[in-house]
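Listed here are the chains, written in short residue letters.
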Amino acid sequence: MISSVRGEVLSVGLDHVVVEVGGVGFAVQATPATLATLRRGEQVRLHTALVVREDSLTLFGFADEDARELFGLLQTVSGIGPRLALATLAVLEPDKLRAALVEGNITVLTQVPGIGRKGAERLSLELRDKVTALGGTGEVPAVSAPGALRAEVVEALAGLGFPAKQAEQAVDRVLAEGEGHTTATVLRSALATLGRKR
């Protein structure tokens, strides 16, 4: 089991990062929010989970152990594989996901593409007690100043390969829709907007 990787970021793709560890480049699948914090040439340490299949070995990376624990926990539910577990963490931050599972908030859980009403009910039913046992900080994510946040998200989107002008327009559209944004929420919404254009 590869539980973490540390090394230089060789490249950042739309859904993965390549980290060089001891001369070997590891492709690590990650959420947009995690990828947005990574820069080519910088050193990084990611908490990882190795998923072994008959025809593949896939490494999934997370910024913290909390997200990795939830990733593993989600897969204990029938019908939830690693891709859907990662998609869930891409849409819902760990604290929000934990709260939705405990409260049985089907509306929040069905925001994840691929999870319908029955799947959301099963998730909540099976994971409610396990998630409570895992605990959590319950902290509200810090909200950045609009100017700094805009620059940060535009830079992250540019790092993911989107043209600067397109990235700026998408971020401006998201920021115009309301207040109380975090970098992760703006990035997610901007990626959704840009994804629809492609």
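Structural data are supplied above this passage.
These numbers come from a predicted model, not from an experiment.

As a further point, take the packing of aromatic side chains. Under the criterion given, the structure shown has 2 aromatic pairs. An angle of 40° between the planes, with centres 5.0 Å apart, marks the rings of Phe60 and Phe71 as tilted. Placement of Phe60 in strand β5 (residues 56-62) and of Phe71 in helix α2 (residues 65-74) is noted, with a sequence separation of 11 residues between them. Each member of the pair, Phe60 as well as Phe71, is classed as buried. Measuring from ring centre to ring centre gives 4.9 Å for Phe62 and Phe71, while their planes differ by 50°; the resulting arrangement is tilted. There is no split in this pair, since Phe62 and Phe71 are both buried. Among the aromatic residues, those joined into a cluster by ring pairs are Phe60, Phe62 and Phe71.

Below, the discussion takes up the pattern of salt bridges. For the structure shown, the criterion picks out 6 salt bridges. Residue Arg98 is joined to Asp66 by a salt bridge in which the shortest nitrogen-to-oxygen separation is 2.5 Å. A residue pair is termed long-range when its members are at least 10 positions apart, and Arg98 in helix α4 (residues 94-103) and Asp66 in helix α2 qualify at 32 residues. Given the relative accessible area of 27%, Asp66 is considered partly exposed. As a salt-bridge pair, Arg188 and Glu93 come within 3.5 Å of each other at their nearest N and O atoms. Placement of the pair is Arg188 in helix α9 (residues 183-197) and Glu93 in the loop between α3 (82-91) and α4, with a sequence separation of 95 residues. Judged by relative accessible area, which is 17%, Arg188 ranks as buried.

About the criteria used
- Residues numbered from 1 in each chain as written.
- Predicted model: local features only at pLDDT ≥ 70, side-chain atom pairs only at ≥ 80, totals over all residues.
- Heavy atoms only, no water.
- Phe/Tyr/Trp six-rings, centres within 6.5 Å; stacked < 30°, edge-to-face > 60°.
- Helix = DSSP H or I, 4+ residues; strand = E, 2+ residues; numbered from the N terminus.
- Buried < 20%, exposed > 50% of the residue type's maximum accessible area, 1.4 Å probe, protein only.
- Salt bridge = Lys/Arg side-chain N within 4 Å of Asp/Glu carboxyl O.

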